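# Inside the fold
What follows is the residue order along each chain.
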Amino acid sequence: MKKFLILILSIGFVACSSDTATEQKLGDCVFGEIVGQWKLIKSEQMGIDEHGEFKLFTSYYNLENVIYDFQDNGILIISGGQNPGYSAGEYAYIFEEDYIGYPIGNEPKVWQVEIGQSNYLYNCVNGTMILGQSYVDGTDLFFKRILE
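Please read all numbers here as calculations on a predicted model, not as lab measurements.

### Re the overall build of the protein
Across its full length, the protein holds one helix and 10 strands. For the protein, the N- to C-terminal ordering of α and β elements is α-β-β-β-β-β-β-β-β-β-β. For the protein, buried positions account for 32% of its 148 residues. Of the contacts made within the protein by residues no fewer than 6 positions apart, 41% connect residues no fewer than 24 positions apart. A total of about 9,900 Å² of accessible surface is found on the protein, and carbon and sulfur atoms cover 55% of it.

### Side note on the side chain of Asp 140
Secondary-structure assignment places Asp 140 in strand β10 (residues 140-147). With near-sequence residues (within four places) excluded, Asp 140 lies in contact with Lys 42, Ser 43, Glu 44, Ile 130, Leu 131, Gly 132, Gln 133 and Ser 134.

### So, the environment of Asn 65
Structurally, Asn 65 can be placed in the loop between β3 (54-60) and β4 (67-70). When the C-alpha positions of Asn 65 and Leu 40 are compared, they lie 7.3 Å apart, and in sequence the two are 25 residues distant.

### Topic: the packing of aromatic side chains
Tallied over the entire structure, the rule returns eight aromatic pairs. Centroid distance Phe 31 to Tyr 122: 5.4 Å. Interplanar angle 55°. Geometry classified as tilted. Here the residue Phe 31 occupies a position in the loop between β1 (25-27) and β2 (36-48), and Tyr 122 occupies one in strand β8 (residues 118-125), the gap between them amounting to 91 residues. Judged by relative accessible area, which is 47%, Phe 31 ranks as partly exposed. For Tyr 122, a relative accessible area of 5% gives the class buried.

### Regarding a nonpolar patch on the surface
A cluster of nonpolar side chains, contributed by Met 46, Ile 48, Phe 54 and Leu 56, occupies part of the molecular surface with about 430 Å² of accessible area. Listing elements by their share of the nonpolar patch, those giving two or more residues are β2 and β3.

### Points about the nonpolar core
With 22 residues, the main nonpolar core has Tyr 68, Phe 70 and Met 129 as its most contacted residues. Of all the elements in the fold, those that place two or more residues in this core are β2, β4, β5 (75-79), β6 (89-98), β7 (110-115), β8, β9 (128-132) and β10.

### A short note on the pairing of β10
With seven of eight residues buried, β10 is to be regarded as a mostly interior element. Bridge count between β2 and β10: six bridges; the pairing is antiparallel. Of the residues in β10, the one forming a bridge with Ser 43 is Leu 141.

### Let's talk about the pattern of salt bridges
Taken as a whole and assessed by the stated rule, the structure comprises one salt bridge. With a closest N to O distance of 3.1 Å, Lys 42 and Glu 44 form a salt bridge.

Conventions we followed
Residues numbered from 1 in each chain as written. Predicted model: local features only at pLDDT ≥ 70, side-chain atom pairs only at ≥ 80, totals over all residues. Heavy atoms only, no water. Helix = DSSP H or I, 4+ residues; strand = E, 2+ residues; numbered from the N terminus. Buried < 20%, exposed > 50% of the residue type's maximum accessible area, 1.4 Å probe, protein only. Contact = heavy atoms within 4.5 Å. Areas by Shrake-Rupley, 256 points an atom, 1.4 Å probe, with all protein chains shown as cover. Phe/Tyr/Trp six-rings, centres within 6.5 Å; stacked < 30°, edge-to-face > 60°. Patch = residues over 30% accessible without salt bridge, like charges linked within 9 Å, V, L, I, M, F, W, Y side chains within 5 Å. Salt bridge = Lys/Arg side-chain N within 4 Å of Asp/Glu carboxyl O. Core = buried A, V, L, I, M, F, W, Y, C linked by side-chain atoms within 4.5 Å. Pairing = 2+ DSSP bridges.

Structural data, given as structure tokens:
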């Protein structure tokens, strides 16, 4: 019986230690900083439900382990499972403060991320990085920074 108990406890310790080894420590964003690894946690998009009502649709990606790795050379490497943004691979990106479309009057510049041919508005709210296209009825992507 003692050997059986020791065997069960040792399996439990191994299982617990392997779980914590694969966990990622997530941190907050700092406004104006994008270089680094980011985990996609959710997406939001406005749409019409089955009753014809306008509502917010939210999808969660915590278990998909989708990683956006913004490198300082202007390359974005995306890895992991299915997501509403881009499939796994390498993409060129530009992170800059610019106008949305053509400047009209005193329109301010805003932080944007251009990935391929798509522009996303950049924001950092409550420690979460948001790359948004809701301004053109698109999807907003929410990320947490992966701490090393």
